[in-house]
Amino acid sequence: MRPIRLAAFLLVLITQMGLGPLATMAPGQAQAQVVSSDPAFPVEDGPVTLTFRANEGDRGLMGHTGDVYIHTGVITNLSAVQDGCGPNAANWRYVRTAWGVNTTQTRMTRTAPDTYTLTIDDIRSWYGVPASEDILRLAMVFRDASGNRTGKGTGSCDVFLDLSRGDVAVSIVSPAASALEPVVRSEPGTIDIRAVSLPTVDDLTLFVDGAAVYTVANDTLDWSLPLMSPGRVDVRVEARQGAETASDSFYAVLVDAPSDAPRPVGIVDGITYDPTDASRVTLSVYAPYKSFIHVIGDFNDWEIHPDGALHRDAIREDSVHWWITLDGLEPGREYAFQYVMDGTLRLADPYAEKVLSPEDAFIPASIYPDLKPYPEGQTLHAVSIFETAQEAFVWTVNDFERPPAHELVIYELLVRDFLAQHDWSTLIDTLGYLERLGVNAIELMPPNEFEGNSSWGYNPSFHFAVDKYYGPADDLKRFVDAAHARGMAVIMDIVLNHTFGQSPLARQYWSGGQPSAQNPWFNAVCAHPSDGTCFGVDFNHESPETRAYVDRVTRHWLTEYRMDGFRFDLTKGFTNNNSGGNYDADRIAIVKRMMDGLYAVDPDAYVILEHWTGLTEERQLAEHGAMVWANITHGFQQSAMGYASGADISGIWFGRRSWTLPNVVAYMESHDEERLMAKNVAFGNASGSYSTQDLPTALDRMKSGAAFLLTTPGPKMIWQFGELGYDVSIDFNGRTGEKPIRWSYLDHPDRARLRDTYEALIRLRAAHEVFTSPSTAIVQDLGGLVKSQVLTLGASGASAVVVGNFDVVERTVSLTLPEGGTWFDFFGRRSMEFGSAGASHVLEWTLAPGQFHVFLDEEPRVTPPEGLMTVDVEGLEPSSRATQDGRAVLHATWPNPLRKGTDGQMAFEIAAPGPVTVELYSMLGQRVAVLVNGYRTAGRHQLVLPVGKLSAGSYVVRLVTAGGQTTSRTITVF
């Protein structure tokens, strides 16, 4: 495609119409840049008046009526980066005020709607730049008083104003145009041109399509250029000073009326490849209310040309599709492109499966090899990619059977904070770890293209493209395929409540910092401000365009990437009613419709909702097949720290909602909650020498929580590294900022034992139906710090019991076993007799702090490793045992092993009152300490093990009563 040159025609037309120099234009007239200056070429030691136009650039402050402040600094010869946008932004120096600080010196003066000025008497002194440093440019961002709304340049870039260095220079100040922002008109007329230069120039010359048409011997050139016939014209103004020259240029296009033609059969919005011709592709975009649209890209030098005009397929004004077929393409080559709407609005295709952005420059080649470079300097904003003759991905697993939803153990992970080499290929290498852990599903935090590189992913920009920060799209397919080969499902976290300002759907109809009333996909303002789900730009889920878009998004990931389902973020916001926490029938209908759309594609796909509404709504959606998140984090946090207030964790079981469907995904931690271990070590409770802030003790208590979570029927979820006791706060480096990656935890014995405990519980859960069946009946007592639940599977009669002491002191638990007889202590790897077989049995058990047990009435089908219980299993005993057996009992040590420099605790029981001696011996038989020596009443007693001054090693505790009864235990100090 080549521009149509109009120089000869224009010269004739100028002569015939008498057009030429403009003698009446006042200085500064029609300057429509984001920022203009007076003088046009300010110098670093002189004054300048800046004029900011809020209706230019990104228009973030357009229509704003309150105060506007300039946030500004300078770019000097010492700035490491002196130009650029986004991740490549220039390095500001001598910033006048911190962000958000409002001063009279930085408040702009409003001179007209969307127009503001600021006068600086002396640039160098105003910014405080020393004379030894050269000021090259002024850097600016404009904001409202709160700092929540900003005005920037096109592409949301910082605004810059170059300072003059005394060299020859020229600037076309009218029209507001450049090589990247040409003048595009749909009606014939004239273009008023003004160019200014320094007073020292000899002359200025105007060139039209390369031919000189006008010269003035001063520093200002005014000209009226006719644009009367469809086509393109190139304009350049050259300043001459002796032998030196400088120039500025733009081009203008007069577009023809769009051609009306129906889209070819089979064409849908987005990119459609011709199955019979790899040199052809058809592009289609939905754009009602637009007057004309062009496509620009690698194939036409990123310039607007008449043969890049799209055809219009109009049903009515508010339903218009535009399309174009491109021919002569090189098969297998990646082409970048954009749509230009109404001559100025540059947009990537929202359905593109790959996009390029300026921040791609910061993605290492090791993550994304041979990534096509962003066309820097040729266009603005993100660009789309198409490629004909692509090789189809070859799947190796075509018969994957998803785990039943009620048996899911989901591992939620953020690739960025899970792997130092944050890519899909490395994640494939990590699947062995997850498989050994026993999880059967992996939930990926949003992997589709989001704003920036480092993110949680809840700021989506393109819903069909894989974010390149994690590597090529085919590598994600390889990851899904590899997970399926190991029997693990892959669930995609997806955000359809909102998007953000980089989304082409949002930018297509934008006004005053928000979607305009014409936007078919979004509400102009968030429709539900009282429900806590107003983020970014709010999707209008009642719009037919949004519904069609949502259905395409879910179908794309189910079919193209074989995702096994979705976790939908913030479905509470899928409404246009400001219903808060009240029942919202419209919201239920919207979510059910979306579910039906994806079930039509994949009837067995998982649907998990972050809904956070009343139980009535969640129940109705669960009855429609959805699973809902159940946040039990606070209860587990309080329990792990040893505080009774708020320690209720009964919500881990769907039966607490009086549901018969096991559609509650309960978890101790998610991406969104503070880590339990961070709370433990910072705020945990203590009693004597027992402290939940002590690392080994805190890790030990995480086992108790996992025991209750993972042995309760219904789908469950684990947050990454929770099985290793991740203890870095969620607020480290900012809530959503990057967190340390701690695979080194595997080398820590206590953390490794915690991981092994998770694995043992997950394997036990999978081996015994009582822990997964929706038919399991449960008697819970999970509200306090002494917790228990009795599980009974009616069909088989199998039963299990989980007990735990989350207090920081010894406590007794009392419960009724469904039947007496032989029970199996899973972690104790032993059998125990409780009462008589065939009848229920009431028992009271005394537990050391942090101690827990899982019992089954049948022999476990899996065996845990030894040494997972750091509190000796025999510490769980009927409290009357010493009396019944007529002997003394020396109970468990906790914690065990004991950390050098801290004291431990122990308990003993005697059947009858009398003198008692408890002594501590080394393994060589040397008495180290006398712990008890005197009269004690019958019953249970607690003692302190003063190991603070002991050397590392093993020791024997020996108890002797008056009746000659002796018992001993071995403890370890490290």
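Cut-offs applied
- Residues numbered from 1 in each chain as written.
- Predicted model: local features only at pLDDT ≥ 70, side-chain atom pairs only at ≥ 80, totals over all residues.
- Heavy atoms only, no water.
- Buried < 20%, exposed > 50% of the residue type's maximum accessible area, 1.4 Å probe, protein only.
- Helix = DSSP H or I, 4+ residues; strand = E, 2+ residues; numbered from the N terminus.
- Arc of directions from axis to C-beta.
- Contact = heavy atoms within 4.5 Å.
- Salt bridge = Lys/Arg side-chain N within 4 Å of Asp/Glu carboxyl O.
- Disulfide = S-S within 2.5 Å.
- Pairing = 2+ DSSP bridges.
- Phe/Tyr/Trp six-rings, centres within 6.5 Å; stacked < 30°, edge-to-face > 60°.
- Lys NZ or Arg CZ within 6 Å of the ring centre and 35° of its normal.
- Axes fitted to C-alpha atoms, helices over the stretch in contact; angles between N-to-C directions.
- Core = buried A, V, L, I, M, F, W, Y, C linked by side-chain atoms within 4.5 Å.
- pLDDT = per-residue confidence, 0-100.
- Expected span 1.5 Å × (residues − 1).
- Polar contact = N/O pair within 3.5 Å; in protein donor to acceptor, adjacent residues only side chain to side chain.
- Parallel < 35°, antiparallel > 145°, perpendicular 65-115°, else oblique.

Caption draft 1: Structural context of helix α10 (residues 615-623). Those residues of α10 that sit buried are Glu617, Glu618, Leu621 and Ala622. Take α10 and look down its axis: the buried residues cluster within an arc of 135°, on one side only. On the buried face of α10, the contacting elements are α9 (585-601), β34 (606-609) and β35 (627-631).

Caption draft 2: Expanded view of the pattern of salt bridges. Overall, the coordinates contain 47 salt bridges when judged by the stated rule. A salt bridge links aspartate 202 to arginine 240, with the nearest nitrogen and oxygen atoms 3.6 Å apart. Of this pair, aspartate 202 sits in the loop between β11 (189-197) and β12 (203-208) while arginine 240 sits in strand β15 (residues 231-241); the two residues are 38 residues apart in sequence, bridging distant segments of the chain. Under the relative-accessibility criterion, aspartate 202 is labelled partly exposed at 34%. Given the relative accessible area of 34%, arginine 240 is considered partly exposed. The network of salt bridges with common partners includes Glu44, Asp45, Arg124, Asp134 and Arg165.

Caption draft 3: Structural detail: the state of the cysteines. This structure, assessed with the given rule, holds one disulfide. A sulfur-sulfur separation of 1.9 Å characterises the disulfide bridge that pairs cysteine 526 with cysteine 534. The sign of the -80° torsion about the S-S bond sets the cysteine 526-cysteine 534 disulfide as left-handed. Its relative accessible area of 24% is what places cysteine 526 among the partly exposed residues.

Caption draft 4: Local environment of the pairing of strand β36 (residues 664-667). A two-sided burial pattern is seen for β36, the buried positions comprising Val664 and Ala666 on one face and Val665 and Tyr667 on the other. Where β35 lies against β36, four bridges are found, and the strand directions are parallel. Following the sheet pairing, alanine 630 is matched in β36 by alanine 666. In terms of strand pairing, β36 meets strand β39 (residues 716-719) through two bridges, oriented parallel. From the neighbouring strand, alanine 666 faces β39, where its bridge partner is lysine 716.

Caption draft 5: Up close: the packing of aromatic side chains. Inspection of the entire model under this criterion finds 40 aromatic pairs. For the pair tryptophan 456 and tyrosine 458, a centre-to-centre distance of 6.4 Å together with 80° between the ring planes defines the contact as edge-to-face. The buried category is assigned to tryptophan 456, whose relative accessible area is 9%. In this structure tyrosine 458 comes out as buried when scored by relative accessible area, which is 14%. Note on tryptophan 612 and tryptophan 629: the rings are 6.5 Å apart at their centroids and 55° apart in plane angle, and the pair reads as tilted. Here the residue tryptophan 612 occupies a position in the loop between β34 and α10, and tryptophan 629 occupies one in strand β35, the gap between them amounting to 17 residues. The exposure class of tryptophan 612 is partly exposed, given its relative accessible area of 32%. Accessibility expressed as a relative area gives 1% for tryptophan 629, which makes it buried. Every member of this aromatic cluster is reached through a ring pair, and the members are Tyr411, Phe418, Tyr433, Phe721, Tyr726, Trp743 and Tyr745. One Lys or Arg, lysine 290, reaches over the ring of tyrosine 509 and ends 4.7 Å from the middle of that ring. One cation-aromatic arrangement involves arginine 657 over tryptophan 659; the distance from NZ or CZ to the ring centre is 4.9 Å.

Caption draft 6: Inspection of the sheet that holds strand β2 (residues 48-53) at higher detail. As summarised here, the arrangement of the four strands in space is β1-β2-β5-β4, forming an open sheet in which the pairing is antiparallel. With partners counted over all chains shown, the strands left at the sheet margins are β1 (35-38) and β4 (109-112), one partner each. In this sheet, neighbouring strand axes are inclined to one another by 30° on average, regardless of whether the strands run parallel or antiparallel. Looking at chain direction, β2 and strand β5 (residues 115-120) are connected through six bridges and run antiparallel. Looking across to β5, one finds that leucine 50 is bridged to leucine 118.

Caption draft 7: Spatial organisation of the sheet that holds strand β14 (residues 220-227). Spatially, the three strands line up as an open sheet ordered β9-β11-β14, and their pairing is antiparallel. The open sheet has two free edges, formed respectively by β9 (170-174) and β14, since each of these has just one partner strand. For this sheet, the mean inter-axis angle between neighbouring strands, taken without regard to orientation, is 30°. Pairing of β11 with β14 involves eight bridges; the strand directions are antiparallel. Across the sheet, the residue bridging to valine 196 is threonine 220, located in β14.

Caption draft 8: Expanded view of the side chain of threonine 533. If you trace the backbone, threonine 533 turns up in the loop between β31 (514-515) and β32 (537-538). For threonine 533, a relative accessible area of 2% translates into the label buried. Leaving out residues up to four positions away in the same chain, threonine 533 has contacts with Asn497, His528, Leu570, Lys572 and Gly573.

Caption draft 9: Expanded view of the nonpolar core. Membership of the largest hydrophobic core comes to 144 residues, with the highest contact counts inside it found for Tyr411, Leu434, Leu444, Leu476, Phe479, Trp557 and Val854. Considering every element that reaches this core, the biggest residue donor is helix α13 (residues 695-710), with eight residues. Once residues lying within four places of it in the same chain are set aside, the contact partners of leucine 476 are Trp424, Leu444, Val466, Trp557, Tyr561 and Met563. Listed in part, the 26 residues of the second largest apolar core include Val183, Leu206, Leu221 and Trp223.

Caption draft 10: Representation of unusual backbone geometry. Note the cis peptide between aspartate 38 and proline 39, where omega equals 10°. Summarising the element assignment, proline 39 is placed in the loop between β1 and β2. Cis geometry marks the peptide bond from serine 174 to proline 175, where omega comes out at 0°. With respect to the helices and strands, the residue proline 175 is situated in the loop between β9 and β10 (183-185). Despite not being glycine, phenylalanine 721 has its phi angle at roughly 65°, a positive value. Position of phenylalanine 721 relative to the elements: it lies in the loop between β39 and α14 (749-767). Unlike most non-glycine residues, asparagine 733 shows phi in positive territory, near 60°. Of note, asparagine 733 is situated in the loop between β39 and α14.

Caption draft 11: Representation of the confidence of the model for the protein chain within the structure. Counting all residues, the mean pLDDT for the protein chain is 90, and 94% of those residues have values of 70 or more. Confidence drops under a pLDDT of 50 for residues 879-884, and excluding neighbours within four residues, the segment shows eleven contacts in the predicted structure.

Caption draft 12: Summary view of helix α6 (residues 473-485). Taking 1.5 Å per residue as the helical rise, α6 with its 13 residues ought to reach 18 Å, and the 19 Å between its terminal C-alpha atoms agrees with that figure. Of the surrounding secondary structure, the elements contacted by the buried residues of α6 are α4 (424-429), α5 (431-437), β27 (441-444), β28 (489-495) and α8 (544-560). Once α6 finishes, glycine 487 follows within two positions and takes phi at roughly 85°, a positive value.

Caption draft 13: Summary view of the environment of threonine 426. Tracing the backbone shows threonine 426 in helix α4. Between the C-alpha atom of threonine 426 and that of arginine 478, which follows or precedes it by 52 residues, the distance is 11 Å. Filtering out sequence-adjacent residues up to four positions away, threonine 426 remains in contact with Leu419 and Gln421.

Caption draft 14: Local environment of the side chain of arginine 416. Within the secondary structure, arginine 416 sits in helix α3 (residues 415-418). Looking at arginine 416, its side chain comes within polar contact range of the main-chain oxygen of glycine 737, at 2.9 Å. The residues contacting arginine 416, other than those within four sequence positions of it, are His422, Ser454, Ser455, Trp456, Tyr469, Tyr470, Thr736, Gly737, Glu738 and Ile741.

Caption draft 15: The packing of α13 against α14, seen in detail. Here α13 crosses α14 at 10°, and the two axes come no closer than 10 Å. As the angle between them shows, α13 and α14 are arranged roughly parallel. On α14, the residues touching Leu695, Pro696, Leu699, Met702, Lys703, Ala706, Ala707 and Leu710 of α13 are Asp750, Arg751, Arg753, Leu754, Thr757, Tyr758, Leu761, Ile762 and Arg765.

Caption draft 16: Just the environment of tyrosine 726, in detail. Note that tyrosine 726 resides in the loop between β39 and α14. The exposure class assigned to tyrosine 726 is buried, which follows from its relative accessible area of 7%. In this structure the C-alpha to C-alpha distance between tyrosine 726 and isoleucine 741, which are 15 residues apart in sequence, comes to 9.4 Å. In this structure tyrosine 726 touches Arg675, Met677, Ala678, Phe721, Lys739, Pro740, Arg742, Tyr745 and Arg751, once residues within four positions along its chain are discounted. A distance of 2.6 Å separates a polar side-chain atom of tyrosine 726 from the backbone oxygen of proline 740.

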